[in-house]
Amino acid sequence: MMRGWSILFWVAAAFNVIIGLALMIFPGDDIGHDFDPGTLPVRAMGWFIAVFGVGYAMVANAPDRHHGIVKLGVIGKLGFVVLMLAAWSSAVIPTSQFVTSLLDLPWAAAFLIFLRREARS
C-alpha cells in the first residue's frame, strides 16, 4: 500500500506547491506591478504553503520514514480551517474564502487515515 500513499503525497505536494507559488506570484490585484508591501502576508502564506508541499514530497519518497511531517500537515490543515472559520464568523473574510479553506479537510482526513493505518508499532 506504500505506493498508494506515495501517490497521495505526490498529489498533495503538487497541490501545495502550485497553490503556494500562485499566492507568492499573484497575491492580489498587483499582478504585473511593483512589489506592494501590503501583499507580504499573502506572499508569506504562499511560501509556507509551498514549503509544506516540499515536505509532502519528502513523505512521498519514503512514507514509512516521515510520519512527523504528516502530523505537521494535519495540524497545519486543520489549524488553517479553524483560523479561516474564525475570520469568516467575524466577517473578516467572505464566504468564498472560507469555503475554499475547506479543501484542506479531505487532505487532513487522508493524512489521519495514513497515520492510523501505517502507525509504527
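Everything that follows concerns the structure shown earlier in this document.
Everything quoted here is computed from the prediction, not taken from an experiment.

Cut-offs used in this document
Residues numbered from 1 in each chain as written. Predicted model: local features only at pLDDT ≥ 70, side-chain atom pairs only at ≥ 80, totals over all residues. Heavy atoms only, no water. Helix = DSSP H or I, 4+ residues; strand = E, 2+ residues; numbered from the N terminus. Buried < 20%, exposed > 50% of the residue type's maximum accessible area, 1.4 Å probe, protein only. Contact = heavy atoms within 4.5 Å. Areas by Shrake-Rupley, 256 points an atom, 1.4 Å probe, with all protein chains shown as cover. Lys, Arg positive; Asp, Glu negative; His and termini not counted. Charge placed at Lys NZ, Arg CZ, Asp CG, Glu CD. Axes fitted to C-alpha atoms, helices over the stretch in contact; angles between N-to-C directions. Parallel < 35°, antiparallel > 145°, perpendicular 65-115°, else oblique. Left-handed = near helix turned anticlockwise from the far one by under 90°. Nonpolar A, V, L, I, M, F, W, Y, C, P; charged D, E, K, R; others polar. Salt bridge = Lys/Arg side-chain N within 4 Å of Asp/Glu carboxyl O.

Caption draft 1: Up close: the overall build of the protein. If you tally the helices and strands in the protein, you get 5 helices and 0 strands. Secondary structure elements in the protein, listed N-terminal to C-terminal, are α-α-α-α-α. Overall, the protein is about 50 × 30 × 20 Å in size when its C-alpha atoms are taken along their principal axes. A total of 121 residues make up the protein; the buried ones form 35% of that total. In the protein, the proportion of contacts linking residues at least 24 apart, taken out of those at least 6 apart, comes to 66%. Of the accessible surface of the protein, which amounts to about 7600 Å², a share of 71% is contributed by carbon and sulfur atoms. The positive charge centre, built from 8 side chains, and the negative charge centre, built from 7, are 19 Å apart in the protein.

Caption draft 2: Representation of the packing of helix H1 (residues 2–25) against helix H5 (residues 104–117) within the structure. Where H1 contacts H5, the two axes come as close as 12 Å, and the packing angle between them is 150°. Taken as axis vectors, H1 and H5 run roughly antiparallel relative to one another. The way H1 lies across H5 gives a crossing that is left-handed. Contacts from Trp 5, Leu 8, Phe 9, Val 11, Ala 12 and Phe 15 in H1 reach Asp 104, Trp 107, Ala 110, Phe 111, Ile 113, Phe 114 and Arg 117 in H5. Tallied by class, residues from the contact of H1 with H5 come to 11 nonpolar, no polar and 2 charged.

Caption draft 3: Geometry of the pattern of salt bridges. A complete count under the given rule lists 1 salt bridge for this structure. Note that Asp 104 and Lys 77 form a salt bridge whose closest N and O atoms lie 3.1 Å from each other. With Asp 104 in helix H5 and Lys 77 in helix H3 (residues 67–89), this residue pair connects regions lying 27 residues apart in the sequence. Take Asp 104 and Lys 77: they sit in the same class, and that class is buried.

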